[in-house]
Amino acid sequence: MQSSDTPFVWAYLPDEVAPVVAGVLAPSNVRSGLAFRYANSYLARPNRIALGPELPLDSRPFPPDIGHGMPSTIRDAMPDSWGRQVINRELGRGMEDKLSDVVYMLMSGSDRVGALDFQESSAEYRPRAGGGSLRIVAEAAAAIDNAEPLGADRERAVRNTLTAAGGSQPKAYVTLDGREWLAKFETPYDRVSPLIKAERAAIYVAEQAGIDVPTARLLRVARQGVDPRSDLVLLTERFDRDAGRRRMVLSGMTVAQHHLPSGGSYPQLLEQLRPLSTSPPKQGRELFSRLAFRLAMRIDDDHLRNVAFFWDGEHAEFTPAFDLSPDLVGTPTGLTDIGDGSREFSLEALVSKYAYYHLGRDEARDIALAMVDAVVDHRADAADVAEMTEAEKALLVTSTATRDIIGSLNRTAARASRGEQPRDRLGRFDEKPHTPPDVTL
Ligand SMILES: Nc1ncnc2c1ncn2[C@@H]1O[C@H](COP(=O)(O)OP(=O)(O)OP(=O)(O)O)[C@@H](O)[C@H]1O
Ligand SMILES: [Mg+2]
């Protein structure tokens, strides 16, 4: 366990390969949590930049945002429930134990998302480097996820690799073939709902729909020892690394200035984003397209940490889309307000909120239906790319872009307004209410 309760925040400034001390965290005297203060040495740098929109370059302390225990920009660099689980286990604690945030800062891998890191010292930067082959890391992730024994040495060996990325699913940042990737691992739940395969499929469809997504690869990694199964690993290329340099990244929660662990609002995100964007008029369309795609593809894990933005000290721009993970079983429920407090998982409802996205009604409807078309046209191929079984493919085809999700958007009118003839969709455009197929995965 680390003893420091005033960790230093180091930052990789744009175009620099070595990090510098940006500031220090210390218990706040305003409210419970950690306040951040820029280091004088940082404020004196000619190439200093604000670390986040709520942290302008100023020597005063910035109190913790309520709900995050620290300023939200700093919180974005922390491990979430998966990384905390790995650290808790090494410390012999239950997953539900909540240790001090400083412990998680100083025990997690340095190669974390974005361009910040946490260190005990302001004088010397000692990266907590990752390591281990993909197989070793995958085995360790599975053992930790399944609460199986692993051994203290092996736990320590992979800890930095397993704790650098956020989120709740088992994952690690890894290097493969000279490129840097986020690796997501299958869990026992994949036998109920094939999350890893469905995410691979969704990335494929998103690409066809014109949504910016990272390069993705699906790999099989043989588990050795008692369990001869081979597990699927989904790799997406890191968007926060650029030829070895680190890019600053903020979560949607930080940009929206939403400081509760759940909830939040997309219109609020957009209104906060527009003044930070170099092209405000494009942002509504971009956000709306991504939301429409998520709905059409039955991706309901739509919290504000599943949207992120590059940050250069002044401007925020969408990163490629990530966590496109449809849960093909169960009833989808939205988590974030799409407008007027609605969390309806419905394209029709989303289109009705067109004005919040600075779109016209027809424009919004056309985007929504284009996303439906992309899903309908490409989901079968996507299932093949994702190595789905026939049963899984049937599930994907019958549970995405369903009538329940589309509602009564008028496809014929939309096509006519674009000068197209109504097309038969091989019966795969589901005009019937969704009934899950009777399949065993
Ligand atoms: N391609 C990528 N490059 C860099 N960072 C990424 C990439 N994809 C995701 N991330 C980062 O990793 C975090 C976790 O990824 P992701 O949201 O896919 O995981 P998850 O465990 O499924 O999340 P959740 O808890 O929402 O289910 C993201 O919040 C983002 O910060
Ligand atoms: Mg996520």
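Quick caveat: nothing in here was measured; it's all calculated off a predicted structure. (Residues numbered from 1 in each chain as written. Chains lettered and ligands numbered in written order. Predicted model: local features only at pLDDT ≥ 70, side-chain atom pairs only at ≥ 80, totals over all residues. Heavy atoms only, no water.)

Caption draft 1: Spotlight on the layout of surface pockets. Counted as a void, the second largest pocket has a volume near 270 Å³. Lining the second largest pocket are 15 residues, and of these Pro 14, Arg 247, Met 248, Trp 311 and Asp 312 lie nearest its centre. At the level of secondary structure, the elements contributing two or more residues to the lining of the second largest pocket comprise β10 (245–246) and β12 (308–311). For the lining of the second largest pocket, the residue count by class is seven nonpolar, one polar and seven charged. Counting contributing residues per domain, the lining of the second largest pocket is built from domain 1 (8–119) and domain 3 (246–416), each supplying no fewer than three. (1 Å grid on protein atoms, 1.4 Å probe; cavity = no way out; pocket = protein on both sides within 12 Å on 5 of 7 lines; lining within 4 Å. Points joined across faces, edges and corners; volume = space filled by probe spheres on them. Helix = DSSP H or I, 4+ residues; strand = E, 2+ residues; numbered from the N terminus. Nonpolar A, V, L, I, M, F, W, Y, C, P; charged D, E, K, R; others polar. Domains from an automatic or database assignment.)

Caption draft 2: Highlighting the sheet that holds strand β13 (residues 316–318). Taken in spatial order, the three strands line up as β11-β12-β13 in an open sheet, and their pairing is antiparallel. The open sheet is flanked by β11 (249–251) and β13, the only strands paired with a single partner. This sheet shows a mean twist of 40 degrees between the axes of neighbouring strands, independent of strand direction. Alignment of β12 against β13, held across three bridges, turns out to be antiparallel. Considered in β13, the bridge of Trp 311 is made with Ala 316. (Pairing = 2+ DSSP bridges. Axes fitted to C-alpha atoms, helices over the stretch in contact; angles between N-to-C directions.)

Caption draft 3: Structural context of the domain arrangement of the protein. With domains assigned, the protein is organised as domain 1 (8–119), domain 2 (134–242) and domain 3 (246–416). Just the C-alpha atoms count here: the centres of domain 2 and domain 3 sit 24 Å apart. Tallying the contact residues gives 29 residues for domain 2 and 36 residues for domain 3. At the boundary of domain 2 and domain 3, one finds three salt bridges. The tally of links between domain 2 and domain 3 comes to nine residue pairs in polar contact (both at pLDDT 80 or more). Per-element tally for the side of domain 2 that touches domain 3: the top contributor is helix α7 (residues 195–208), with twelve residues. Broken down by class, the residue content of the side of domain 2 that touches domain 3 amounts to 18 nonpolar, two polar and nine charged. (Contact = heavy atoms within 4.5 Å. Salt bridge = Lys/Arg side-chain N within 4 Å of Asp/Glu carboxyl O. Polar contact = N/O pair within 3.5 Å; in protein donor to acceptor, adjacent residues only side chain to side chain.)

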